[in-house]
Amino acid sequence: MYQAQPPPTAADAFVPVVDLSTKDTPRGRAAIAAAIDRACTSSGFFVIVDHGVPQDLIDRMFSTTSAFFALPDAQKALVAHRPGVSGYRRTGGTTALSLGQQTPPDLCEAFAAHVTGELGDEARGQLGDQWATWTLANIWPEEPAGFREVWQDYMAAMSELAADLMRLFALALDLDEDFFDDKFDHHGSSVAVNYYPPQLTPPLPGQWRRGPHTDFGSLTILYQEDDRGGLQVLQDEDTWRDVAAIPNSFVVNIGDLMALWTGGRWVSTMHRVANPAHGDTTSRLTIPFFYLPNHDASIEPMRPLTGAHEGRRREQASVVAGEWMSRKLQRMFAG
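Scope of this entry: the structure provided in the associated data block. (Residues numbered from 1 in each chain as written. Predicted model: local features only at pLDDT ≥ 70, side-chain atom pairs only at ≥ 80, totals over all residues. Heavy atoms only, no water.)

### Side note on the nonpolar core
If you look at the biggest cluster of nonpolar residues, it comprises 74 residues, and the most contacted ones within it are Tyr154, Phe169, Ile221 and Phe250. Here the element with the most residues in this core is helix 5 (residues 147–172); it accounts for 16 residues. Phe169 has contacts with Ile36, Phe46, Phe180, Leu219, Ile254, Met258 and Trp266, leaving out every residue within four places of it along the chain. Membership of the second largest hydrophobic core comes to ten residues, among which are Leu231, Val233, Val243 and Val251. (Core = buried A, V, L, I, M, F, W, Y, C linked by side-chain atoms within 4.5 Å. Buried < 20%, exposed > 50% of the residue type's maximum accessible area, 1.4 Å probe, protein only. Helix = DSSP H or I, 4+ residues; strand = E, 2+ residues; numbered from the N terminus. Contact = heavy atoms within 4.5 Å.)

### With respect to unusual backbone geometry
Of note, the amide linkage connecting Glu143 to Pro144 takes the cis form, showing an omega dihedral of 0 degrees. Its location among the elements puts Pro144 in the loop between strand 6 (137–138) and helix 5. Here Asp50, not a glycine, exhibits a phi torsion of approximately 50 degrees, which is positive. Tracing the backbone shows Asp50 in the loop between strand 2 (45–49) and helix 2 (55–69). In this structure, Asn248 is a non-glycine residue whose phi angle is positive, near 60 degrees. Structurally, the position occupied by Asn248 is in the loop between strand 11 (239–242) and strand 12 (249–254). Classification of Asn248 by relative accessible area gives partly exposed; the value is 43%.

### Notes on the packing of helix 2 against helix 5
Helix-helix packing is characterised by the crossing angle of the two axes and by the distance between the axes. Two numbers describe how helix 2 lies on helix 5: the axes approach to 10 Å, and their chain directions differ by 135 degrees. Of the possible angle classes, the one that applies to helix 2 and helix 5 is oblique. The hand of the helix 2/helix 5 crossing is left-handed. Together, Leu57, Ile58, Arg60, Met61, Thr64, Thr65 and Phe68 of helix 2 and Phe147, Val150, Trp151, Asp153, Tyr154 and Ala157 of helix 5 make up the contact between the two elements. Looking at the contact of helix 2 with helix 5 residue by residue, the class counts come to nine nonpolar, two polar and two charged. (Axes fitted to C-alpha atoms, helices over the stretch in contact; angles between N-to-C directions. Parallel < 35°, antiparallel > 145°, perpendicular 65-115°, else oblique. Left-handed = near helix turned anticlockwise from the far one by under 90°. Nonpolar A, V, L, I, M, F, W, Y, C, P; charged D, E, K, R; others polar.)

### Quick word on the packing of aromatic side chains
Following the criterion strictly, the structure yields 19 aromatic pairs and no others. A ring pair is formed by Phe69 and Tyr195, whose centres lie 5.1 Å apart and whose planes are at 15 degrees; its orientation type is stacked. Separated by 126 residues along the polypeptide, Phe69 in helix 2 and Tyr195 in strand 7 (residues 190–196) bring together distant segments of the chain. In terms of burial, Phe69 and Tyr195 fall into one category: buried. (Phe/Tyr/Trp six-rings, centres within 6.5 Å; stacked < 30°, edge-to-face > 60°.)

### Brief notes about the pairing of strand 7
With respect to burial, strand 7 is a largely interior element, seven of its seven residues being buried. Both strand 5 (residues 109–114) and strand 7 contribute to a ladder of six bridges, which runs antiparallel. Bridging across to strand 7, Ala110 finds its partner in Asn194. One ladder, built from five bridges, connects strand 7 with strand 14 (residues 284–291); its direction is antiparallel. Each bridged residue has a counterpart across the sheet, and for Ser190 the counterpart in strand 14 is Phe290. (Pairing = 2+ DSSP bridges.)

Below, the structure written as structure tokens:
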């Protein structure tokens, strides 16, 4: 059951707030990089403020997407995800399946579009032959008006923010600031909005708005409503910590691929979206942006594997980003 806790503050060492307002100065970038390193070593989660993304764009993205999910089911079905295209899903899958855990389907709807979804058929055909969402064409609803343009603007802004975060990641890892640049120069990143409808009947045992999971890729940038929480991060083995929604902020977390890339120095942490309290019939909408490396990028640990990855044989440690992501996605939607 979701129970609200006080919002995290800059003093919260587990999911700290990181102010990006000084990111344009060398001294500021160094301090931010150090804060990111501490967060990614502890939980892999942090909250960014003063990030530079225009609030007007965020508001338009939220209101336009909310209007889409308020449409009748038959109208949303016109842009349903199907072979060859990425769009609306009546169910957002079962995230716990990505970890091999059997649970009821997550209680959410979703709409996804990819940066690569705007490419032509020939160009998308060169993005690998594995089962992969980034090889699909985007499909856009006619209503609400301006949906496609708002989403494209938002994806562009998120791509720019994520690229700078990766440069800060490089500094945090004592690497050249441009270390990751050539691994993301034709990235297949996506926005996959989660809409959590009102819960008018009790969830099934083990059923969540989003089940416990880790993210798959390099980093996620999440926007959530200011007044409706639900995101929880696992601390230790059995303590779920609430991540409150701070106005004008994004929640950032790293995924399994980034943890592997750092040789286990950084951690990809289990998280979930809790169900609302009994009698709470509000809906909730979150907007995650998944920043993914090039599908053909070879990812090699930067140091000998430690932590959750140390059991992997050394010769199997290197992975191809697209193959890694494809396996995770197939498991998620297997049910």
